[in-house]
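What follows is each chain in one-letter form.
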There are 2 protein chains.
Amino acid sequence: MKILHTADWHIGKTINGQSLLEDQKYVLEQLYEAVKEHKPDVVIISGDLYDLHYPSKDAMVVLEDALSKINLGLNTPIIAISGNHDGKERLNYGEKWFAKSGLKIMTDYHDMFKPVVMNDIHIYVMPYFTPADIRQAFGNKDIHTHQEATDYIVKHMEEVMDDSKTNILVGHLFVAGGESSDSERPLSIGTIETVSAQTFKSFDTVMLGHLHHPFAIQSDYIFYSGSLMQYSFSEQNQAKGYRLFEYSESSFEQNFIPLTPKRSFHVVQASYEDVIHENITIQNQEDYFHFKLTNMDHVTDPLMKIRDIYPNTLQISRQDYEVKEDEIQLDVHALSDIEIIKSFYSHVTDEELSGIKEEKVVQLLEKAINKGVDE
Amino acid sequence: MKILHTADWHIGKTINGQSLLEDQKYVLEQLYEAVKEHKPDVVIISGDLYDLHYPSKDAMVVLEDALSKINLGLNTPIIAISGNHDGKERLNYGEKWFAKSGLKIMTDYHDMFKPVVMNDIHIYVMPYFTPADIRQAFGNKDIHTHQEATDYIVKHMEEVMDDSKTNILVGHLFVAGGESSDSERPLSIGTIETVSAQTFKSFDTVMLGHLHHPFAIQSDYIFYSGSLMQYSFSEQNQAKGYRLFEYSESSFEQNFIPLTPKRSFHVVQASYEDVIHENITIQNQEDYFHFKLTNMDHVTDPLMKIRDIYPNTLQISRQDYEVKEDEIQLDVHALSDIEIIKSFYSHVTDEELSGIKEEKVVQLLEKAINKGVDE
């Protein structure tokens, strides 16, 4: 029994206005070739197939094409769950027809306690949920954290679990201790989003999505496949690919197999002059760049000039900018939205943002974020 | 051979902010019962399944449910084409899987010359197109009107047509002489949108969508099914339903069969006092109303007060409003956008809007309209 595990495709993602659709098609073509070569019994996609709840029509065409080539073209079953970026109703549109061809798009919380049975392998799915989702779906008022919600679900899975089988869990969540990158959106605001690895001890293998690093967690039974490709500069030099699991009666083997991207992400520190005169070592001018530049005080329109040479430059920033004393010094890219707001609040008022004020800000923030990704 | 013909579902349509989704589910349930009762060999849907290119997730759930109950639940084939309200990429998402169960969502212009063959019946489909769509798809620069585009397509259909068979055309278009209502959006701006009935003389039967009146055209071989339900006050007292076609070797029969809506549309002319004191004859207070009222000069918030009694009042208008001499007198509901703009222009400038100015306005208008319905 062979399983190919992938996750976090984020079809339709853009970075600073640049669409990554061509990059995604390029890597998905390789993933298709990998399925053709390895002939897995099933392909598992652990959530975040789309980048937005409301995917563009171009993103829909790319996803449909990738799924149909693997499922219909190679006659390979697929089990996919929704992640925090997916709109459930849009992701599972057509699901009743898909299922007839072995493409299971699983988004319904009530399907979590019926494993997909493939010979001696029982596959449990855990589509992405918030604590509120589980509170509502199962009428349990005592669930307030991701840990409590996951505990509740796992407990009910354990009740139906057959220990004589190989039990696999497919989920989209943040295991405590996991290494995150800049391209994951927080699962929730104002509550701890992590779930302890201990939670999943009844399962033989846990195949996860959400964290984009394929080695985000060190464990012999919990695995992230990592994202389809690099999605932020914090992922430069990070291999991206898929995992291959092979189960036999006596043995279990897993391997991470990298895919080659169309373009890689690079952070380059240099003086503006060296970049513009090509006095730096760059292997592929078409790659994605973030230039951190010095000596650019009197340069106008630097991005335009740099893009003449490196057309896929996504970001430039000045390194010789002097921080004034009354400014807050924050690495905004490394902080969550609520952390940035709290720092600003205490900087301006000399008080901590807490209690009902913090709750209100969290509510507004959640509203603003959800408005951006769904109707 | 039995065919059930329906069109213009407009799932997700709202009128003055009121969602019609519950009404649509109610009528679709009856349509499902009709399919169950009549057991047609195929259900034909002649376009405008959705109301918007970018349907809401609730609209998607209603459409998926209606299609799956008929196609998977009753095992009945469906042939559906895209109308001017449908976004092709969103409508046909999943099409490759749907087709395996006999649900054909046909949006591709290159499929127009391959009829769907069902015994001796050959069904040609003509998804909605603009002249520009056909110009682009077939590289023909001489196509500028709906008539020219349709002539071009029909000519190529005729080249492959087998005259010994019963040839049916499924389309979404405006046949010249057809009776329109207030709920159709113009197919194009600034060019004539109608196509002559003569165009279709090679076909045995033409099953159309777009015009919402089931008897929009008097013909013995061209039929509109009419919309699923009333969608404007201009359709009050208009029956809505589906058509049933029966073909045998020696005979052909067709019938229009009405469906019962959850609520009807009514225009009521009365004095405000009579309405508010319920001195008018209303069969169902839950119906949709447009009240045209007199004697309401000093009433504040009339809509709120009337909705206390008739909760689904969609519109009220004053009948005792004196039109001042320098105002334009236009029935804006009966005119197209470009006609309203042209009237305004000539009222303000004493000149006609024409030539390059008119073209520019048409371009802007098309841009504004498309922005509203798609990304």
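Residues numbered from 1 in each chain as written. Chains lettered and ligands numbered in written order. Predicted model: local features only at pLDDT ≥ 70, side-chain atom pairs only at ≥ 80, totals over all residues. Heavy atoms only, no water.

Looking at an unreviewed UniProt entry, one finds chain A named Nuclease SbcCD subunit D, with Mammaliicoccus lentus as its source organism. Of chain A, the UniProt comment under Sequence similarities (unreviewed entry) reads exactly: "Belongs to the SbcD family." Its UniProt record gives chain A a comment under Subunit (unreviewed entry), which states: "Heterodimer of SbcC and SbcD." (UniProt positions renumbered as here; feature names shortened; annotations may be inferred.)

Student: In this structure, what is going on with helix H1 (residues 21-38) of chain B? I would like to understand it.
Tutor: What sets the pattern is the α-helix's 3.6 residues per turn: residues three or four places apart point alike. The terminal C-alpha atoms of H1(B) lie 25 Å apart, and with 18 residues this matches the ideal 26 Å at 1.5 Å per residue to within 8%. Among the residues trailing H1(B), B:Lys39 stands out with phi positive, at a value near 45 degrees. (Helix = DSSP H or I, 4+ residues; strand = E, 2+ residues; numbered from the N terminus. Expected span 1.5 Å × (residues − 1).)

Student: Got a minute to help me understand the packing of aromatic side chains in this structure?
Tutor: Each aromatic ring pair is specified by the distance between its two centres and by the angle formed by the two planes. Enumeration over the complete set of coordinates arrives at 34 aromatic pairs over all chains. With centroids separated by 5.3 Å and ring planes inclined at 65 degrees, the aromatic side chains of A:Phe289 and A:Tyr310 adopt a geometry described as edge-to-face. Remark: A:Tyr310 occurs in the loop between helix H8 (302-309) and strand E18 (313-318) and A:Phe289 occurs in strand E17 (residues 288-294); sequence separation between them is 21 residues. For A:Tyr310, a relative accessible area of 1% puts it in the buried group. Summarising the aromatic geometry, the rings of B:Phe289 and B:Phe291 are spaced 5.2 Å apart at their centres and angled 20 degrees between planes, so their arrangement reads as stacked. Connected via pairs of aromatic rings, a cluster forms that spans A:Tyr93, A:Trp97, A:Phe98, B:Tyr93, B:Trp97 and B:Phe98. One residue, A:Lys69, lies across the ring of A:Tyr32, its end atom 4.3 Å from the ring centre. (Phe/Tyr/Trp six-rings, centres within 6.5 Å; stacked < 30°, edge-to-face > 60°. Buried < 20%, exposed > 50% of the residue type's maximum accessible area, 1.4 Å probe, protein only. Lys NZ or Arg CZ within 6 Å of the ring centre and 35° of its normal.)

Student: Please explain the nonpolar core as it appears in this structure.
Tutor: Generally speaking, a soluble globular protein has its nonpolar side chains buried in company with each other. Core analysis: the biggest nonpolar cluster contains 82 residues, and A:Trp9, A:Leu67, B:Trp9 and B:Leu67 have the highest contact counts within it. In terms of nonpolar packing, the next biggest core, distinct from the first, is built from 31 residues, B:Tyr109, B:Val154, B:Val195 and B:Phe200 among them. (Core = buried A, V, L, I, M, F, W, Y, C linked by side-chain atoms within 4.5 Å.)

Student: I tried to follow the sheet that holds E18(A) on my own but got confused; where do I start?
Tutor: The pairing of strands in a sheet happens through backbone hydrogen bonds and is either parallel or antiparallel. Residue and element names in this part refer to chain A. Taken in spatial order, the 3 strands line up as E16-E17-E18 in an open sheet, and their pairing is parallel. The open sheet has two edge strands with one neighbour each: strand E16 (265-271) and E18. Going across the sheet, the axis of each strand differs from the next one's by a mean of 20 degrees, ignoring polarity. Its contacts with the sheet put H8 on E17 and E18, and the angle it makes with E18 is roughly 135 degrees. (Pairing = 2+ DSSP bridges. Axes fitted to C-alpha atoms, helices over the stretch in contact; angles between N-to-C directions. Contact = heavy atoms within 4.5 Å.)

Student: Any chance you could explain the interface of chain A and chain B here in plain terms?
Tutor: One frequently used descriptor of interface size is the decrease in accessible area upon assembly of the parts. Taken together, the 28 residues of chain A in the interface contact 28 residues of chain B. Buried surface at the junction of chain A and chain B, summed over both partners, amounts to about 2,700 Å²; 63% is from carbon and sulfur atoms. Applying the counting rule to chain A against chain B returns 0 salt bridges. Elements represented by at least two residues in the side of chain A that touches chain B include exactly helix H2 (57-73), helix H3 (88-91) and helix H4 (95-100) of chain A. A per-element tally of the side of chain A that touches chain B places H2(A) first, with 10 residues. Tallied by class, residues from the side of chain A that touches chain B come to 12 nonpolar, 6 polar and 10 charged. (Buried area = accessible area lost by both parts, 1.4 Å probe. Salt bridge = Lys/Arg side-chain N within 4 Å of Asp/Glu carboxyl O. Nonpolar A, V, L, I, M, F, W, Y, C, P; charged D, E, K, R; others polar.)

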